[in-house]
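Take a look at the letters that make up each chain.
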Amino acid sequence: MNFKLDPIKRFCLFLTIFAGVAIAYNWSNDVLLHLAATLGFGLVLFALYSKLSIKRKNVWDTVITAELIFLLLHYGTGLSSLIYPLMAVFIAETLKFFIEWKSSPIVNPAAAALLLTAGIGALIGWELPFVSWWGASYWMLPIGVPVSLILLALWIGGGFYVWRKWPIFLSFLAAYAMLAYLRTGDLEFLQFTYLDSFVYFFASIMLPEPKTSPFLPWKQVAYGILAAAILNALAYAGVPYSELFALVGANLFNAGLKWKPSPKLAPAA
């Protein structure tokens, strides 16, 4: 029997372990409700949409998207706090099944769903959803290193290579460091940033998503630098959800690189 996992299943397994440790460290009924409203509802929608749509989707992609929303969107208190996670998962799954270009999403579904959820909340006049990235960095050890960083180091060293996205990872980290120093002039800020796991989560989990990021090395470098530039510019301007906007902006840049206008037909003689 062959137990070798394909890249999607391997990544899903890592993200499930990563989320499982986050749950264990932050164990509470609120976190479990948040999990039910993201992963649980995502699987329900997957089953429903699989019957309504002629498209055949991979359930592991749904698990990954739901877990990302679970880790990025902060859990609240009580049943009323489930409105935003339910809304975000509904939007993400709807995008995955019904809104695609060339059989792929144009932008990261989790990021797009969270931004659209925030936009709907703003239009209604509700308090905006708290996208804290709580599950990207957690459990600080006495030595000053978060457990989440150790887990990400294991993924980057042992699993990240399957995506062949090293140019994105390295170009983003280098460009972000340089631009963040120019923005803040603070070496302590850089030290804190690069000893925290958020920047590595963004660079190894969110940015290199296979369907919304480029494959050619030179395009990957441009993609990573652009994401770093957008993130720093929006952070300097104090724009909320700057990380999500940077990701979506880079995704759109990648979509633009793939777009080719239809050739004009020669007029009939």
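Residues numbered from 1 in each chain as written. Predicted model: local features only at pLDDT ≥ 70, side-chain atom pairs only at ≥ 80, totals over all residues. Heavy atoms only, no water.

S.K.: Account for a nonpolar patch on the surface, with residues named and values stated.
M.R.: A contiguous nonpolar surface patch, about 510 Å² in accessible area, is contributed by Ile83, Ile120, Leu123, Ile124 and Trp126. A total of three residues in the nonpolar patch trace back to one element, the largest contributor, which is helix H5 (residues 109–124). Its place among the elements puts tryptophan 126 in the loop between H5 and helix H6 (147–158). With a relative accessible area of 39%, tryptophan 126 lands in the partly exposed category. (Patch = residues over 30% accessible without salt bridge, like charges linked within 9 Å, V, L, I, M, F, W, Y side chains within 5 Å. Areas by Shrake-Rupley, 256 points an atom, 1.4 Å probe, with all protein chains shown as cover. Salt bridge = Lys/Arg side-chain N within 4 Å of Asp/Glu carboxyl O. Helix = DSSP H or I, 4+ residues; strand = E, 2+ residues; numbered from the N terminus. Buried < 20%, exposed > 50% of the residue type's maximum accessible area, 1.4 Å probe, protein only.)

S.K.: Just give me the short version of the side chain of lysine 219, but keep the residues and values in it.
M.R.: Note on placement: lysine 219 falls in helix H10 (residues 217–237). Buried and unpaired, lysine 219 has glutamate 209 as its nearest opposite-charge partner, separated by 16 Å. The residues contacting lysine 219, other than those within four sequence positions of it, are Pro214, Phe253 and Leu257. (Lys, Arg positive; Asp, Glu negative; His and termini not counted. Contact = heavy atoms within 4.5 Å.)

S.K.: I'd like a description of the layout of surface pockets, backed by residues and values.
M.R.: Of the pockets and cavities examined, the largest pocket occupies roughly 280 Å³. Gly76, Ser81, Tyr84, Pro129 and Phe130 are the residues nearest the centre of the largest pocket, which is lined by 15 residues in total. Residue classes in the lining of the largest pocket are distributed as nine nonpolar, five polar and one charged. Lining the second largest pocket are 13 residues, with Tyr176, Phe189, Thr193, Phe198 and Glu243 sitting closest to its centre. For the lining of the second largest pocket, the secondary structure elements donating two or more residues are helix H7 (166–184), helix H8 (187–195), helix H9 (198–206), H10 and helix H11 (242–258). Its residues assigned to classes, the lining of the second largest pocket shows seven nonpolar, three polar and three charged. (1 Å grid on protein atoms, 1.4 Å probe; cavity = no way out; pocket = protein on both sides within 12 Å on 5 of 7 lines; lining within 4 Å. Points joined across faces, edges and corners; volume = space filled by probe spheres on them. Nonpolar A, V, L, I, M, F, W, Y, C, P; charged D, E, K, R; others polar.)

All we've got here are geometric facts, nothing functional implied.
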